[in-house]
Amino acid sequence: MATITGRTSRSIGATVRQVTKSNFPAAIHQIKTDIEAADFVAVSTRKTGDSSASSASSSHHRPWRRILPIDTPETAYLKSKLAAGSFELLQFAVCPFSIRGSKVIALPYNFHLFPRDELSLGMPSYRFSCQTPFLSSMAREGFDFNACVYDGISYLSRVQESKARERNPSSSPSLHPFSSSQTASSVADSIFKERIKWRINHWRNAFKASTQEKDGSLAQTLRKLILGGEVYGSRPGMSIDICNEKQMHLVFEVVNQISDDLVVPIYIPHKFEGQPEAVRVVLAGSEDDKKELLAEIQDLEDEQNLKLRGFRQVIDLISSSHKTVVSHNCLHDFTFIHEKFLGPLPATLPEFMCSLRLLFDNVIDLNHLLKEIGPLGKGKNIPGALSYLRRQFFLPMELQVPRHDPQGSSSSHGKNVLSIAFLFSKLNRLLKTAPSGRTEPIEDFANIFHTASMTLLEPGDDDNDDDADAGLPMIDTAKRVGTDDILFLWGFRGATSAAELKARLFRIHPVFSKEFDVRIVDKTCAIAVFRNSGSAEALLKDITSVENLSGAFREMVVEGLRAARYDAYEKVCKIGLWEGDLADSLEVAMADSTEDSSYSLSGANTNEIHWNREMMIDLNEL
Amino acid sequence: MRKPTVNCLGFRAIPQTLAFLIQSRLIHRPLSAAASGGEGAGAGGAMVVKKVTLSNFTSVLEDLRTRVREADFVAIDLEMTGVTSTPWRESFEFDRSDVRYLKIKDSAEKFAVVQFGLCTFRWDASQSSFIAHPLNFYIFPRKEQSIEGPSTEFLCQTSSISFLAKYQFDFNACIHEGISYLSKTQEEVALQNLCSAYENCLGDSSGDCEEYTEIPAVRTADILFTERMKIRFREWRESVLNYPKDPILEGNKCGPDAELNMVFFKMHPAIMLNGFTSHRIKLIQLVLRKYFKELLYVSVIGENCLLQKLVVYTDSEEDKASLMKEIQEDKLRSEKLKIQTAVGFRHVIDLLMSEKKLIVGHNCFLDIAHIYYKFIGPLPFSMEEFVLSVNKMLPNIIDTKHLITSNHVIQHLMKQSRKSLSSAFSVLCPQIHSDSQNSASNSFVKVDVQSDEPGSSYWSSGAKHEAGFDAFMTGCVFAQACSHLGIKFEQNSLVMDLPGNDKLKSYLNILYPSWSSGTVIDLTTGTETSSSGHIRKYPKREFANIALLWGFSSKIKPKDVEECMRKFFGKDSVISVFFLDKTAAFVQFNRKELVNELMVLKNTLEKEDGLISVLHPFSKLLEGGNTRVADYESYKEICGSSMSKFLFSDQAEATVIRRKSKIAPISLESSAPEHRISSKSDSDIRSGHLFSFEEILNPL
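Residues numbered from 1 in each chain as written. Chains lettered and ligands numbered in written order. Predicted model: local features only at pLDDT ≥ 70, side-chain atom pairs only at ≥ 80, totals over all residues. Heavy atoms only, no water.

A.B. asks: An account of the overall build of chain A is requested, with residue identities and associated values reported.
C.D. replies: A tally of helices and strands in chain A yields 21 helices and 21 strands. Each of the 622 residues in chain A was classed as buried or not, and the buried ones make up 55%. For chain A, long-range pairs separated by at least 24 residues make up 78% of all intrachain contacts whose partners lie at least 6 apart in sequence. Approximately 27,300 Å² of chain A is accessible, and the part contributed by carbon and sulfur atoms is 51%. (Helix = DSSP H or I, 4+ residues; strand = E, 2+ residues; numbered from the N terminus. Buried < 20%, exposed > 50% of the residue type's maximum accessible area, 1.4 Å probe, protein only. Contact = heavy atoms within 4.5 Å. Areas by Shrake-Rupley, 256 points an atom, 1.4 Å probe, with all protein chains shown as cover.)

Pasting the structure below:
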């Protein structure tokens, strides 16, 4: 039993059970019981890239494709969607955990994944993207890429599984063939049914009789030939040829009607085409024998499913357990989970949230939780939040990791999931004991995702967490603006820094005489933020009518200065103009006049996400 | 050699519904021998290839300089993370040469090179054998700090990665210790940025190139800190001024804590700032600017590569300016050095280019494209431009694949065996392949592998589909082929001039541009000709007769398309129908007018919503209303887009949106319809034909 107290939680040792292709079948049984027994399940992932990756240097090729502070939840979702479609999961850590008083009992697993095309179907993924800074930062942590590629577990999403079954139907027998819609039975059907019934009864009776008589082997062989009987394993069986799915259902129906329930129908698909070929009727020797037979076939089916679903089996287990799932940076993780294990991501955030609810009832985003719980707002990463909690509150808690796999491989990879479980437990306790009268249960925070961008730690990047660690969190000066007061500007020549651009814009237009600010988004485009509402509108109006302009502003406009409202940016994200520089994409979006009805964000509103048109943007984060 | 093999592996990945595509696709690219047999899976225990990573790169590079200089030829081979970014970017019979180039360009731009095999061959007259020195470079586009390096994102084709894994590729070595690189263009840009930044700093009269950071000191803590710092700096300045009298500088009495350490910086007294947050550093800068003209804040990279932040005391304005200049020059020097280091693996390419040695590759067109994009600069838009500029950089390239397929003597030797590298190696060089010494008869060229430090951990036994070993095999095949061509190495006592050899002349600089084209391209002229060894399966394609359809219902099968077309345009109108993927198809007509007719017809049918459109044979094709028709030029444009949507229809739609923006302003300017028609140049038709439906309809 490894016991880790809060103080040493950073240096959690080799306690995470590592799961690869070879030990996956064993692990799946173990994790099933662990999930069942746990209160919560924490998850965390490692990917080949992310929409939130902000490497230390700003010379990213398309910096605007990352989630930026100017993104609304909707555009952040679209960026996450893009990322989930391009990058791959390499590790998926799952940690079922329970809170028992001041103890957190965690059972972490770390699954190594690789989208290998196990079934030669071109699935789960034809190609994927890698971000070098991501891979490099993983390499620094000692990540074993060979383990991933060689022994990673593959998977298929639910959508892919049904496609795979369609294209390459399993040739293994099944007790539960796909149920197609029941159509009204015709006269022909009843004749078919009667005939099958007679055949089965006849065959059944013949066997009853044969057990009583003691025939010679010759007679037995003859009977076999005449009755068309075969053996299924050690049990007598008979094949009934069918030519379509409907007949198959009829046979199943007939067999179930026969009072004697020792007869088991098994669906046998055609070896190559997967069309229904025959139903094999097997006669069990006794009730117990029948149970055994059913179990045998079920095992075969399970094996087949495991082969097909691969790692998704774990996701399905979490999903069917209806436990609350905890994660950090939920928007990133769950767009990936949806894309890889459920199916392609829907077009909008509310649709995504609804669709995700089908998979998980309750998802708690630590990012959102931290944001909501007062002064923690600044501690963006998990270690930062943990150290802040340690300093500010007395929350004695102990993280226990019972070693359930003495001989198996375990290492510190994926230990992040333990920190998530631990931090969540602390916050849970904090909420319960909060003196401020805040007594809402932690479940109230479920299913709201916060869209923070995450920072990769790179060497030499020492300024990262200084502010949080200094014990003096910055005072939130609450400089917040609505999307209506933001304009995208491009076509300014030569300005490379925000300060330079601001200096050039200063006072060239009345709106630039009042309070405004400029930030560079990528090398072609900048945003201007206005404190006075209406300024953006005024500038936009003037920029389109060159003839009424004069002075330096006119010069800039003639030189090609362009401006667009926030909705042009939303449109860029919406129609997915991710290639190239932002200025180009904005041009395209503005030129594209097709206004499809689905592109109207104002109508979409759900309770699940705190979101409105006047999305507030924190200027401090810019 | 893994290009064909990867594609072959890709076959299995093609779903059954698309199986009919396979027949027309790359079928003559044989599955590599090792996948089926295991021949050439290793050339005995003696064969070793040196592994080169970050740790031994510098020393290897030094040795390599002399080796390349002395070499008679250099064989190369590359391993990439993938070949085709989408299924529809695989090579089709329907690809015109410019489209094929665009596909190769896309491949070279999207995928990363992870291994670079290089094997130098030098004829040793005393032993009358070649001395081969195979090297296996692990390369990775690692992002060097602060330098605009290779693209930070690259694609991996899952099947290719699995393929690499099958041959025990070491991904850890690649990602952990791979050598990074900068292309020539990237280096130039980096140097340019550096110089302009340097000039900006010098030009800045305030002498401060840090961005101004105005922080209103509103917080009490900030104000207290600022005041504290003010006092500290004032005390320190006093003590410095009083130096000879005041011995305070002898000890470190500047601060009770370790935050402020007294040091000397370039002969100036200075204080080292340790353990301040970036916020506080900003506050300190603010204080210095406001109250201490003679104190200068500098941040420099110290001896141990750590960022040092200092406050330096200067005697006068001039002193301050000269110190600033000195610091800037130091920075410039170290930045230049950084860029030089970041050039990394490209030093090897520079070496090959400067020595102008004969480069030998096997089916190496894609390899060359990768080399160009990764180490030289962005790929040109046309194949001609590309090959001509390759010819300038690497004037002598021989493709062994072309050599063994077009020479009759060798073809006779190869008989029916496949033209893959490993099979050529086992047929042509059995003595090396099986490592049996006794078979070294005169007809075989002897090749000895040189290992300078045997037993070192860098050596690994060569294995197929490891770039270093593949390069070695390529070189052996080439040497043997030369001997079959009648080139006598023994007679060349001096350095032999292989590129100038008459017997090789007809093979020099002739490459296969793509594996299914059946053509070869001459790098010196940029012209493409039909390859002699290739048997055409199909008659010559008239690309103007081809219409492109996409966005139709997923239930439509090729025979449905064919049926629709035949019903309306006549029985003989359609020559063939080919599906690019399940969302798009080519229809090849017997006349090119039919392409336009189809576009017009589609538009008319969509405008009518009456009975005619429902009963029309095309109604099935137009079902859903998303069906689009375009000509072959649009296909080229769609392939040329830098996007890589998985389905062709998505890619095509996205390309259309992009194009609209380009077209829109033009149509606004020329509002008069007759003007629009009269000004329609060839290029307009090509680029704007999707919007030409109306023009065609107007006269009707």
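Still to come is the rest of the account.
A.B. asks: Before we move on, can you summarise the overall build of chain B with the specific residues and values?
C.D. replies: Across its full length, chain B carries 29 helices and 20 strands. Each of the 700 residues in chain B was classed as buried or not, and the buried ones make up 56%. In chain B, of all internal contacts separated by at least 6 residues, the share reaching a separation of at least 24 is 74%. Accessible surface computed for chain B: about 30,400 Å², of which carbon and sulfur atoms make up 54%.

A.B. asks: Give me the pairing of strand β15 (residues 519-522) of chain B: which residues, what numbers.
C.D. replies: All names here are of chain B. Of the strand pairs in this sheet, strand β14 (residues 510-511) and β15 are connected by 2 bridges, and their pairing is antiparallel. Its bridge partner being in β15, Ile 510 is matched across the sheet by Asp 522. Sheet topology note: the β15/strand β16 (residues 528-530) ladder contains 3 bridges and is antiparallel. In the sheet register, Thr 519 faces β16, and the bridge partner there is Ser 530. Linking β15 to β16, which pair antiparallel, is a turn of 5 residues; within it Gly 526 sits at a positive phi near 80°. (Pairing = 2+ DSSP bridges.)

A.B. asks: I'd like to hear about the confidence of the model for chain A, residue by residue, with values.
C.D. replies: Detailed conclusions should not be drawn from predicted coordinates in areas where pLDDT is low. Residues and elements named next belong to chain A. When pLDDT is averaged across chain A, the result is 73; 70% of the residues are at 70 or more. Mean pLDDT across the elements of chain A ranges from a minimum in helix α16 (residues 466-469), with 33, to a maximum in strand β6 (residues 109-112), with 92. In the model, residues 453-478 has pLDDT below 50 throughout and makes 55 contacts with residues more than four positions away in sequence or in other chains. Here residues 595-622 is modelled with pLDDT under 50, and outside its nearest four sequence neighbours on either side it reaches 61 contacts, counting other chains as well. (pLDDT = per-residue confidence, 0-100.)

A.B. asks: So, the sheet that holds β15(B): which residues are in play, and what are the values?
C.D. replies: Strand-to-strand pairing in sheets goes through backbone hydrogen bonds, with the strands running parallel or antiparallel. One open sheet holds the 3 strands; their spatial order is β14-β15-β16 (chain B), and the pairing between them is antiparallel. Either end of the sheet is taken by a strand with one partner, and the two such strands are β14 and β16 of chain B.

A.B. asks: Run through the environment of B:Gln186, naming residues and quoting values.
C.D. replies: Its location among the elements puts B:Gln186 in helix α8 (residues 184-203). Between the C-alpha atoms of B:Gln186 and B:Lys374, which are 188 residues apart in sequence, the distance is 9.5 Å.

A.B. asks: Residue-level account of helix α13 (residues 365-376) of chain B, with values.
C.D. replies: Along an α-helix, residues three or four positions apart point the same way, because every turn accommodates 3.6 residues. Residue and element names in this part refer to chain B. Counted at 1.5 Å a residue, the expected span for α13 with its 12 residues is 16 Å, and the 15 Å between its end C-alpha atoms agrees. Most of α13 sits inside the fold, with 11 of its 12 residues counted as buried. All of the buried residues in α13 are Phe 365, Leu 366, Asp 367, Ile 368, Ala 369, His 370, Ile 371, Tyr 372, Lys 374, Phe 375 and Ile 376. (Expected span 1.5 Å × (residues − 1).)

A.B. asks: Can you tell me about the packing of helix α17 (residues 421-428) of chain B against helix α19 (residues 467-484) of chain B, naming the residues and giving the values?
C.D. replies: Any two packed helices are characterised by the angle at which their axes cross and by the distance between the axes. Residue and element names in this part refer to chain B. Remark: α17 packs on α19, axes separated minimally by 9 Å, with the N-to-C direction vectors making an angle of 50°. With respect to α19, the axis of α17 lies oblique. Remark: the crossing between α17 and α19 carries left-handed chirality. Across the interface between the two elements, Leu 421, Ser 422, Ala 424, Phe 425 and Leu 428 from α17 touch Asp 470, Phe 472, Met 473, Thr 474, Cys 476, Val 477, Gln 480 and His 484 from α19. (Axes fitted to C-alpha atoms, helices over the stretch in contact; angles between N-to-C directions. Parallel < 35°, antiparallel > 145°, perpendicular 65-115°, else oblique. Left-handed = near helix turned anticlockwise from the far one by under 90°.)

A.B. asks: Kindly report on the side chain of B:Ser129, identifying the contributing residues and their values.
C.D. replies: Counting through the fold element by element, B:Ser129 comes out in strand β4 (residues 129-138). On the basis of relative accessibility, which here comes to 0%, the residue B:Ser129 falls in the buried class.

A.B. asks: Provide a residue-level description of the pattern of salt bridges, including the pertinent values.
C.D. replies: In total, this model carries 37 salt bridges over all chains according to the counting rule given. Between A:Asp316 and A:Arg312 there is a salt bridge; the shortest N-O distance is 3.0 Å. One end of the pair, A:Asp316, and the other, A:Arg312, are both in helix α10 (residues 312-321), 4 residues apart, so they sit about a helical turn from each other. The residue B:Arg566 makes a salt bridge to B:Glu562 at a minimum N-O spacing of 2.7 Å. Linking B:Arg566 with B:Glu562, this pair stays in helix α21 (residues 558-569), spanning 4 residues, or about one helical turn. On the accessibility criterion, B:Glu562 (23% relative accessible area) is partly exposed. (Salt bridge = Lys/Arg side-chain N within 4 Å of Asp/Glu carboxyl O.)

A.B. asks: Please give an account of the sheet that holds strand β18 (residues 574-581) of chain B that cites residues and values.
C.D. replies: Residues and elements named next belong to chain B. Taken together, the 4 strands give an open sheet; going across it, the order is β18-β19-β17-β20, and neighbouring strands pair in antiparallel fashion. In this open sheet, the two strands that pair with only one neighbour each are β18 and β20 (628-631). Going from strand to strand, the sheet's axes swing by 25° on average, the running direction of each strand aside. Across the sheet, helix α22 (residues 593-607) touches β17 (546-550), β19 (584-589) and β20, and the angle it forms with β20 is around 155°.

A.B. asks: Residues and numbers for the environment of A:Tyr109, please.
C.D. replies: All names here are of chain A. Inspection of the secondary structure puts Tyr 109 in strand β6. Counting along the chain gives 304 residues from Tyr 109 to His 413, while the straight-line C-alpha distance between them is 9.4 Å. One polar contact links Tyr 109 to Asp 34, side chain to side chain, over a distance of 2.5 Å. (Polar contact = N/O pair within 3.5 Å; in protein donor to acceptor, adjacent residues only side chain to side chain.)

A.B. asks: So, the nonpolar core: which residues are in play, and what are the values?
C.D. replies: For soluble globular proteins, nonpolar side chains are generally found buried alongside one another. Of all hydrophobic cores here, the largest spans 70 residues; its most connected members are A:Phe111, A:Phe311, A:Phe334 and A:Phe488. In terms of residue count, the dominant contributor to this core is helix α11 (residues 330-342) of chain A (7 residues). When residues are assigned to domains, this core turns out to be shared by domain 1 (2-156 + 311-445) and domain 3 (480-621) of chain A, each giving three or more. Among residues more than four places away in sequence, those in contact with A:Phe334 are A:Val43, A:Val325, A:Ser327, A:Phe352, A:Leu356, A:Phe360, A:Val363 and A:Phe449. In terms of nonpolar packing, the next biggest core, distinct from the first, is built from 49 residues, B:Ile139, B:Phe365, B:Ile397 and B:Leu511 among them. (Core = buried A, V, L, I, M, F, W, Y, C linked by side-chain atoms within 4.5 Å. Domains from an automatic or database assignment.)

A.B. asks: A description of the pairing of strand β5 (residues 103-106) of chain A should follow, citing residues and the corresponding values.
C.D. replies: Sheet faces and side chains relate simply in a regular strand, where the side chains alternate between the two faces. Residue and element names in this part refer to chain A. Residues of β5 alternate between two faces, with Val 104 and Ala 106 buried on one and Lys 103 and Ile 105 left unburied on the opposite face. In terms of strand pairing, strand β4 (residues 89-100) meets β5 through 4 bridges, oriented antiparallel. Bridging from a neighbouring strand, Ile 99 pairs with Val 104 of β5. The antiparallel pairing of β4 with β5 creates a hairpin that spans 2 residues between the two strands, and Gly 101 there sits at a positive phi of about 65°.

A.B. asks: Break down the packing of aromatic side chains for me, with residues and values.
C.D. replies: According to the stated counting rule, one finds 58 aromatic pairs over all chains in the structure shown. For the ring pair B:Trp88 and B:Phe648, a centre distance of 5.2 Å and an interplane angle of 85° mean the geometry is edge-to-face. Of this pair, B:Trp88 sits in the loop between β2 (73-80) and α5 (97-110) while B:Phe648 sits in helix α26 (residues 648-669), placing them 560 residues apart in sequence. Given a relative accessible area of 0%, B:Trp88 falls into the buried group. One aromatic cluster is present, formed by B:Trp88, B:Phe92, B:Phe543, B:Trp550, B:Phe578, B:Phe586, B:Tyr632, B:Tyr635 and B:Phe648 through successive ring pairs. The aromatic ring of A:Phe336 is capped on one face by A:Lys47, whose charged end is 5.0 Å from the ring centroid. Over the aromatic face of B:Phe543 sits the side chain of B:Arg96, whose NZ or CZ is 5.5 Å from the ring centroid. (Phe/Tyr/Trp six-rings, centres within 6.5 Å; stacked < 30°, edge-to-face > 60°. Lys NZ or Arg CZ within 6 Å of the ring centre and 35° of its normal.)

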